[in-house]
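So the chains spell out like this:
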Amino acid sequence: GNLIIADALVVKGAPANGSSVMVGGDLSVAGTAGATGADNRINVNFTASKAHTLSAGGALYICQFSVGAGGVVNVSGTGDTPVIHTGSLNGGGVSLAAGSLLNLGAAKLSVDHSGTINPQGGSGRVAVDGGNLFIRSESAQPFNLAFDSELHILDSLWINVAGPGVTVHSPLSISGLVKIKGGKLNAAGFVTLLSRPEGTASIAEIEGDGVIIGNIKVQKYLAPYGTSWRELSTAVSGVKVVDWQNF
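The present account deals with the structure reproduced in this document. Please read all numbers here as calculations on a predicted model, not as lab measurements.

A closer look at the overall build of the protein
Then, in step 1: In terms of regular secondary structure, the protein is built from zero helices and 25 strands.
Then, in step 2: Here the C-alpha atoms of the protein give a radius of gyration of 20 Å, agreeing with the 18 Å that 2.2 N^0.38 yields for 247 residues.
Then, in step 3: Counting only C-alpha atoms, the protein reaches 65 × 40 × 30 Å along its principal axes.
Then, in step 4: In the protein, the proportion of contacts linking residues at least 24 apart, taken out of those at least 6 apart, comes to 56%.
Then, in step 5: For the protein, the accessible surface area stands at approximately 12000 Å², while carbon and sulfur atoms represent 54% of it.

In structure tokens:
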């Protein structure tokens, strides 16, 4: 069935994240749910192989956010942009089963504490259109990101992780910023930094033990000024003029 959480209520589960809610319908959070201590965050499992709606007016605190096989969860806002906080000191995070889809739209998703994203490499995907993804976790497990074939534009991607790091398994476009404070991002040739009239994406200072492996595609928007000379350069060593002929 459906679950409605009244405005400003604190959803507090048993210690050690021992409480779970199985949602076969929709989940609606009126306003902003009160902040829940990490140890008392509940697990929310969307179980049906159908389309669900998660509507929230602000922040929502969950330990484990799961979507069952074939299920689709569409996130929508009822006020401020929804922010879904996941993870706890006991684990949690995001688990997307085979054939499932989490459609964030422009919402923000945060994976904190010891949370993970599909550590077993599940085939579930994330659809995003201008949202933000923050991964700040102490988990030693891998993070696997797979995105929808049509909706895969993040405004910002922030990473501060331990363990094997974050691996991107399908095309992902960034319109704003990539920030790595620690850990590894394996772009695997799937990440593109967009350049459009309204702005160009960039990689901020990489801190600590942060590293990016794999190729990243970088765009540069050139305004339509008509016939004119353009100065282009590259800071990558070992590049020949012939290499530019493919662009």
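Remarks on a nonpolar patch on the surface
Then, in step 1: Residues Leu222, Leu232, Val239 and Trp244 make up a contiguous nonpolar surface patch of roughly 350 Å² in combined accessible area.
Then, in step 2: Looking at where Leu232 falls in the secondary structure, it is placed in the segment after strand E25 (216–218).

Overview of the sheet that holds strand E13 (residues 116–117)
Then, in step 1: On the basis of which strands lie adjacent, the open sheet formed by five strands has the order E2-E4-E7-E10-E13 and parallel pairing. Edge positions in the sheet fall to strand E2 (20–23) and E13, since each of these pairs with one other strand and no more.
Then, in step 2: As paired elements, strand E4 (residues 43–46) and strand E7 (residues 64–67) share three bridges and run parallel to each other. In the sheet register, Val44 faces E7, and the bridge partner there is Phe65.

Regarding the pattern of salt bridges
Then, in step 1: If you walk through the whole model with that rule in mind, you get four salt bridges.
Then, in step 2: Residue Asp112 pairs with Arg136 through a salt bridge whose shortest N-O separation is 3.3 Å. Of the two residues, Asp112 is situated in strand E12 (residues 108–113) and Arg136 in strand E14 (residues 125–137); the sequence distance between them amounts to 24 residues.
Then, in step 3: Residue Glu207 pairs with Lys179 through a salt bridge whose shortest N-O separation is 2.5 Å. Taken together, the residues span a long stretch of sequence, with Glu207 in the loop between strand E23 (202–203) and strand E24 (211–213) and Lys179 in strand E18 (residues 172–182) at a distance of 28 residues.
Then, in step 4: The network of salt bridges with shared partners includes Lys179, Lys181 and Glu207.

Overview of the sheet that holds strand E19 (residues 184–186)
Then, in step 1: Pairing within the open sheet is parallel, and its four strands lie in the order E15-E17-E19-E24. A strand with exactly one partner marks an edge of an open sheet, and here the two such strands are strand E15 (143–145) and E24. Taken pair by pair, the neighbouring strands of this sheet meet at an average axis angle of 15°, ignoring direction.
Then, in step 2: Where E15 and strand E17 (residues 166–168) come together, three bridges link them in parallel fashion. Paired with Asn144 across the bridge in E17 is Thr167.

What to know about the pairing of strand E10 (residues 93–96)
Then, in step 1: Where E7 lies against E10, four bridges are found, and the strand directions are parallel. Bridged to Phe65 within E10 is Val94.

A closer look at the side chain of Thr192
Then, in step 1: With respect to the helices, strands and loops of the structure, Thr192 is situated in strand E20 (residues 191–193).
Then, in step 2: With near-sequence residues (within four places) excluded, Thr192 lies in contact with Leu172, Ser173, Ile174, Lys217 and Gln219.

Parameters and conventions
- Residues numbered from 1 in each chain as written.
- Predicted model: local features only at pLDDT ≥ 70, side-chain atom pairs only at ≥ 80, totals over all residues.
- Heavy atoms only, no water.
- Helix = DSSP H or I, 4+ residues; strand = E, 2+ residues; numbered from the N terminus.
- Rg over C-alpha atoms; globule rule 2.2 N^0.38 Å.
- Contact = heavy atoms within 4.5 Å.
- Areas by Shrake-Rupley, 256 points an atom, 1.4 Å probe, with all protein chains shown as cover.
- Patch = residues over 30% accessible without salt bridge, like charges linked within 9 Å, V, L, I, M, F, W, Y side chains within 5 Å.
- Salt bridge = Lys/Arg side-chain N within 4 Å of Asp/Glu carboxyl O.
- Pairing = 2+ DSSP bridges.
- Axes fitted to C-alpha atoms, helices over the stretch in contact; angles between N-to-C directions.

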